[in-house]
Amino acid sequence: MTSAIKIGVSTCLLGEKVRYDGGHKHSRYITQTLGLFFEFVPVCPETECGLGIPREAMRLEGDVDHPRLVTHKTRTDHTDRMLSWAAGRLDALEKDNLCGFIFKKDSPSSGLHRVKVYNDNGQAVKSGRGLFAAAFTARFPRIPVEEEGRLQDPVLRENFIEQVFALKRWREALEKKKSVGNLVAFHTREKLLFMAHSPKHYREMGRLVAEGKKIKPSDLYDQYEGLLIEALALRATAAKHTNVLTHVMGYFKKQLSGDEKQELLELIGNYRSGYLPLIVPVTLLNHFVRKYRQPYLSDQTYLNPHPLDLQLRNHV
């Protein structure tokens, strides 16, 4: 990467005491692990819109799709204040060129999934979204987002961080001249990664690139970006990974010995069955890439999509 990878983060997750009770929700995984690779842009909607610390607790009420932000006891409605502040904050965040955002789960301002929304009878429905999180995702639908709680799931964690690194690579590609040749070069490096997430999108992107000379460059790049975001948002399953691993193995059909083929097939099979993590067959394939000097595969992002230190492919 030629520059820092910026991601937005709910401020309390960084250990700052900005919550309604004066506390924090420090995530050491975010600060101590992700912090080695990402530059954080902290955002606390409540404090930044002018509410104090500590402050009265709030909740979402009314229509799930258009809830109001109301304090528990005094029944003060802070909806307009929050939305007005959010509009200006989103303008500022656009200039930061974020590649992702990690939100605080369950927050009436920053919760991304299953936030409680109370109806007129005081009953809660867990199907809402925090006011700022909703505004952010509406303004930036192509930026990967996740909640800190869901990052504890290794599959969701890998998928989110993989999206962040991919978007950063795409942003760097956008800094070059928008041409079919440059797009072909980018797509060639990333194609196996796309195949692992969505064979359907992989084929659509290939057709789009092949017909690129017939399309205005700005439209071509916009359509491609839309497919890229859609593809990477889909989880790369063991079955899809197995398909890619077998595809990669095909590049060595003339070089591998019988024993090497058997070993690789066994590792891929054990990965598919859930006995081994993805890193095991990928490590052997990387060894073969170096040993047999396979230039096409050496440039494939799929084999090294993110730093090994993150250990994202080490889970079974």
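Worth saying up front: this structure is predicted, and the values here are computed from it rather than measured.

Engineer: Report on the pattern of salt bridges, specifying residues and quantitative values.
Structural biologist: Applying the stated criterion across every chain, the model contains 17 salt bridges. Notably, a salt bridge pairs Arg169 with Glu190, separated by 2.7 Å at the nearest N-O pair. Of this pair, Arg169 sits in helix α5 (residues 154-174) while Glu190 sits in helix α6 (residues 180-197); the two residues are 21 residues apart in sequence, bridging distant segments of the chain. The pair Arg169 / Glu190 is uniform in exposure class, with both members buried. Taken together, the shared-partner salt bridges connect Arg59, Glu61 and Arg75 into one network.

Engineer: Residue-level account of the sheet that holds strand β2 (residues 38-43), with values.
Structural biologist: Ordered by their spatial adjacency, four strands build an open sheet running β2-β1-β5-β8, and the pairing between neighbours is parallel. The open sheet has two edge strands, β2 and β8 (145-147), and neither has a second partner. Recorded for the sheet is a direction-independent mean angle of 25 degrees between the axes of neighbouring strands. By the bridge criterion, three bridges tie strand β5 (residues 101-103) to β8 in an arrangement that is parallel. Its bridge partner being in β8, Phe103 is matched across the sheet by Glu147. With respect to the sheet, helix α4 (residues 131-139) is in contact with β2, β5 and β8, its orientation differing from that of β5 by roughly 160 degrees. Strand contacts of α5: β1 (5-10), β2, β5 and β8, with the helix running at about 135 degrees to β1, the strand carrying the most contacts.

Engineer: Would you mind going over the environment of Leu303 in detail, with residue names and values included?
Structural biologist: Examined against the element boundaries, Leu303 turns out to sit in the segment after α12 (295-298). When its relative accessible area of 3% is taken as the criterion, Leu303 is described as buried. Each C-alpha atom, one on Leu303 and one on Leu193, is 8.4 Å from the other, the two residues being 110 residues apart in sequence. Once residues lying within four places of it in the same chain are set aside, the contact partners of Leu303 are Val282, Leu285, Asn286, Val289, Leu297 and Arg313.

Engineer: I'd like a description of the sheet that holds strand β6 (residues 115-118), backed by residues and values.
Structural biologist: Strand order in the open sheet formed by four strands is β4-β3-β6-β7, with mixed pairing between adjacent strands. The sheet is open, and its two borders are formed by β4 (68-71) and β7 (124-128), each paired with just one other strand. Geometrically, the sheet is characterised by an average inter-axis angle of 50 degrees between neighbouring strands, direction not taken into account.

Engineer: Which residues make up the side chain of Ser110, and what values go with them?
Structural biologist: Mapped onto the elements, Ser110 comes out in the loop between β5 and β6. A polar side-chain atom of Ser110 sits 3.4 Å from a polar atom in the side chain of Ser109. Not counting chain neighbours up to four residues away, the residues in contact with Ser110 comprise Ser10, Pro45, Phe103, Lys104, Gly130, Phe132 and Ala133.

Engineer: Could you give me a rundown of the environment of Glu162, with the residues and numbers involved?
Structural biologist: Considering the arrangement of structural elements, one finds Glu162 in helix α5. Using a relative accessible area of 3% as the deciding quantity, one classes Glu162 as buried. Taking the C-alpha atoms as reference points, Glu162 and Leu193, 31 residues apart in sequence, are found 9.6 Å from one another. In contact with Glu162, not counting residues within four places along its chain, are Leu193, His197, Pro305, His306 and Arg313. At 2.4 Å, the side chain of Glu162 forms a polar contact with the side chain of His197.

Engineer: Lay out the pairing of β1 with the relevant residues and their values.
Structural biologist: Burial runs high along β1: five of the six residues are buried. Looking at chain direction, β1 and β2 are connected through six bridges and run parallel. What sits directly across from Ile7, in β2, is Phe40. Once the chain exits β1 it traverses helix α1 (residues 28-33) before rejoining the sheet at β2, and the crossover so formed is right-handed. In this sheet, β5 lies alongside β1 in parallel orientation, the contact comprising two bridges. Bridging from a neighbouring strand, Gly8 pairs with Phe101 of β5.

Engineer: Help me get a handle on the packing of helix α9 (residues 238-249) against helix α10 (residues 258-272), residues and values and all.
Structural biologist: Between α9 and α10, the shortest axis-to-axis distance is 9 Å and the interhelical angle comes to 170 degrees. As far as their axial angle goes, α10 and α9 are roughly antiparallel. In this structure, α9 contributes Ala238, Ala239, His241, Thr242, Leu245, Thr246 and Met249 to the contact, and α10 contributes Lys261, Leu264, Leu265, Ile268, Tyr271 and Arg272. Residue composition of the contact of α9 with α10, by class: eight nonpolar, three polar and two charged.

Definitions and limits used
Residues numbered from 1 in each chain as written. Predicted model: local features only at pLDDT ≥ 70, side-chain atom pairs only at ≥ 80, totals over all residues. Heavy atoms only, no water. Salt bridge = Lys/Arg side-chain N within 4 Å of Asp/Glu carboxyl O. Helix = DSSP H or I, 4+ residues; strand = E, 2+ residues; numbered from the N terminus. Buried < 20%, exposed > 50% of the residue type's maximum accessible area, 1.4 Å probe, protein only. Pairing = 2+ DSSP bridges. Axes fitted to C-alpha atoms, helices over the stretch in contact; angles between N-to-C directions. Contact = heavy atoms within 4.5 Å. Polar contact = N/O pair within 3.5 Å; in protein donor to acceptor, adjacent residues only side chain to side chain. Right-handed = clockwise from strand over helix to strand, strands pointing away. Parallel < 35°, antiparallel > 145°, perpendicular 65-115°, else oblique. Nonpolar A, V, L, I, M, F, W, Y, C, P; charged D, E, K, R; others polar.

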